[in-house]
Amino acid sequence: MGGPLSEVSNDDMEELSLYDPALLLSLDFFRSPAKFNPRISAAVPGETWLKVRPLQSGDFHRGFLQILSQLTKVGDVSLTQFLNRFAQMRASGDYYVTVIVDTRYDKIIGSATLVLERKFIHGCATRGRLEDVVVDDTYRGKQLGKLIVVTVNLLAEHLGCYKMSLDCKDKLISFYKSIGYTLEPGNANTMNIRYESANDKNINCNVTGSKPENTEPS
């Protein structure tokens, strides 16, 4: 199920889901310490025109890359590149990109990614990593940042992960604490080595501290 996909339109192929959509219906939102008011879930996300589902092969045309560009630099990604990366992720079975759709406009308005890390430690256990959380700024006030994060948290638990990890900016620490995350004693900072380009020999070390603010992901 994971060969390269050629550049075709939505009308020329049946859309594929990155993972089984039925997994989202099995999640028990009462297991999360997150407080929703009013109560919502992946199955019932509040507004009747909202839908939570796996990333689909047709989402290139629904603004998936545009929503990611609100988070970070995406670059000039072609449809062929998108479909081939989608096929690679789907074949690996370790990527659970979950999106929120405004069905009125058939538009992606939020996304979060669960990546599974297969370990030898803890009896060959699996750790989950939360990546690329973003919700369109114009949809604030609908608890969608909390909804998409809790959805992938519960998905990680359902898939047997022994823990879920993330890196976040200082201003988001309070938000993640409110939905069950804790700072690891003695390891509250995040350090990265970024390789800017093949021609750039400089290595940048970025250190993030921890000054909480009460905000949600944008």
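All figures in this text were calculated on a predicted structure; none of them were measured in a lab. (Residues numbered from 1 in each chain as written. Predicted model: local features only at pLDDT ≥ 70, side-chain atom pairs only at ≥ 80, totals over all residues. Heavy atoms only, no water.)

### Remarks on the nonpolar core
Next, step 1: Among the nonpolar cores identified, the biggest contains 55 residues, and Phe-64, Leu-130, Val-149 and Tyr-176 are the most heavily contacted of them.
Next, step 2: Among the elements that take part in this core, helix α5 (residues 144-158) stands out by supplying nine residues, more than any other.
Next, step 3: Once residues within four sequence positions are removed from consideration, Val-149 is found in contact with Leu-130, Val-133, Phe-175, Tyr-176, Ile-179 and Tyr-181. (Core = buried A, V, L, I, M, F, W, Y, C linked by side-chain atoms within 4.5 Å. Buried < 20%, exposed > 50% of the residue type's maximum accessible area, 1.4 Å probe, protein only. Helix = DSSP H or I, 4+ residues; strand = E, 2+ residues; numbered from the N terminus. Contact = heavy atoms within 4.5 Å.)

### Considering the sheet that holds strand β3 (residues 107-118)
Next, step 1: Judged by pairing direction, the sheet is mixed, and its five strands sit side by side in the order β1-β2-β3-β4-β5 without closing on themselves. Since the sheet does not close on itself, it has two edges, and those belong to β1 (50-54) and β5 (163-165), each with one partner. Adjacent strand axes in the sheet meet at a mean angle of 20 degrees, parallel and antiparallel pairs treated alike.
Next, step 2: In terms of strand pairing, strand β2 (residues 95-102) meets β3 through eight bridges, oriented antiparallel. Across the sheet, Ile-100 pairs through a bridge with Gly-110, a residue of β3. (Pairing = 2+ DSSP bridges. Axes fitted to C-alpha atoms, helices over the stretch in contact; angles between N-to-C directions.)

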